[in-house]
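Listed below are the residues making up each chain.
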Amino acid sequence: QVQLLESGGGLVQAGGSLRLSCAASGRIFSNNNMGWFRQAPGKEREFVAAISWSGSTYYADSVKGRFTISRDNAKNTVYLQMNSLKPEDTAVYYCNAVKTANGMVVAAYDYWGPGTQSTVSS
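Just so we're clear, the structure is a prediction, and the values are computed from it rather than from any experiment.

(A) Highlighting the overall build of the chain. Of regular secondary structure, the chain possesses 1 helix and 11 strands. Going from the N terminus to the C terminus, the chain shows its helices and strands as β-β-β-α-β-β-β-β-β-β-β-β. Radius of gyration (C-alpha) of the chain: 13 Å, near the 14 Å computed for a compact globule of 122 residues. Overall size of the chain, expressed as C-alpha extent along the three principal axes, is 40 × 30 × 25 Å. For the chain, the residues scored as buried account for 43% of the 122 residues in total. For the chain, the proportion of contacts with a sequence separation of at least 24, taken over those separated by at least 6, is 56%.

(B) Structural context of the side chain of Thr77. You can see Thr77 is positioned in strand β8 (residues 77-82). Among the polar contacts made by the side chain of Thr77, one reaches the main-chain carbonyl oxygen of Lys75 at a distance of 2.9 Å. Apart from residues lying up to four places away in sequence, Thr77 is in contact with Ser21, Cys22, Ala23, Phe29, Arg71 and Asp72.

(C) Layout of the nonpolar core. Counting residues in hydrophobic clusters, the biggest one holds 34 residues, and the most contacted among them are Met34, Trp36, Val78, Leu80 and Tyr93. Those elements that place two or more of their residues in this core are β3 (18-24), α1 (26-29), β4 (34-39), β5 (46-51), β7 (67-72), β8, β9 (91-101) and β10 (104-107). Contact partners of Val78, with chain neighbours within four places excluded, come to Leu20, Ser21, Cys22, Phe29, Met34, Trp36, Ile51, Ile69, Ser70, Arg71 and Cys95.

Calculation rules
Residues numbered from 1 in each chain as written. Predicted model: local features only at pLDDT ≥ 70, side-chain atom pairs only at ≥ 80, totals over all residues. Heavy atoms only, no water. Helix = DSSP H or I, 4+ residues; strand = E, 2+ residues; numbered from the N terminus. Rg over C-alpha atoms; globule rule 2.2 N^0.38 Å. Buried < 20%, exposed > 50% of the residue type's maximum accessible area, 1.4 Å probe, protein only. Contact = heavy atoms within 4.5 Å. Polar contact = N/O pair within 3.5 Å; in protein donor to acceptor, adjacent residues only side chain to side chain. Core = buried A, V, L, I, M, F, W, Y, C linked by side-chain atoms within 4.5 Å.

Read these as layout, nothing more, since geometry by itself doesn't imply function.
Take a look at the structure:
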């Protein structure tokens with residue numbers, strides 16, 4: 001069964017922190033690179049961060065140095081630690097397995113979980 005369940009979002013002031021979690025089914029998680037995406041109101045979903053099965057990481061320029069992605073392979077869970085948050089980080093955050101296509105990191109599955117809303121006030 002394919003399952004993705006994000007959690008940990010909330011409302012914080014600019015400069016604050018949030019830690020997001022994503023529990024994935026084994027079918028999606030096992031041996032796959034995993035990533036986080038986000039979608040702000042009126043905008044398309046965009047890539048945020050990715051992590052390989054072995055732990056190598058890759059970030060969008062907009063979050064580099066502020067966000068940290070990690071994973072626990074025993075728990076089929078991927079995390080996103082978000083520090084120094086800015087109002088422009090406000091979005092619904094989603095996780096998925098990832099792959100590269102035409103030099104870009106994209107979702108490997110068409111299925112998406114409900115996401116978790118993160119709102120940063122100025």
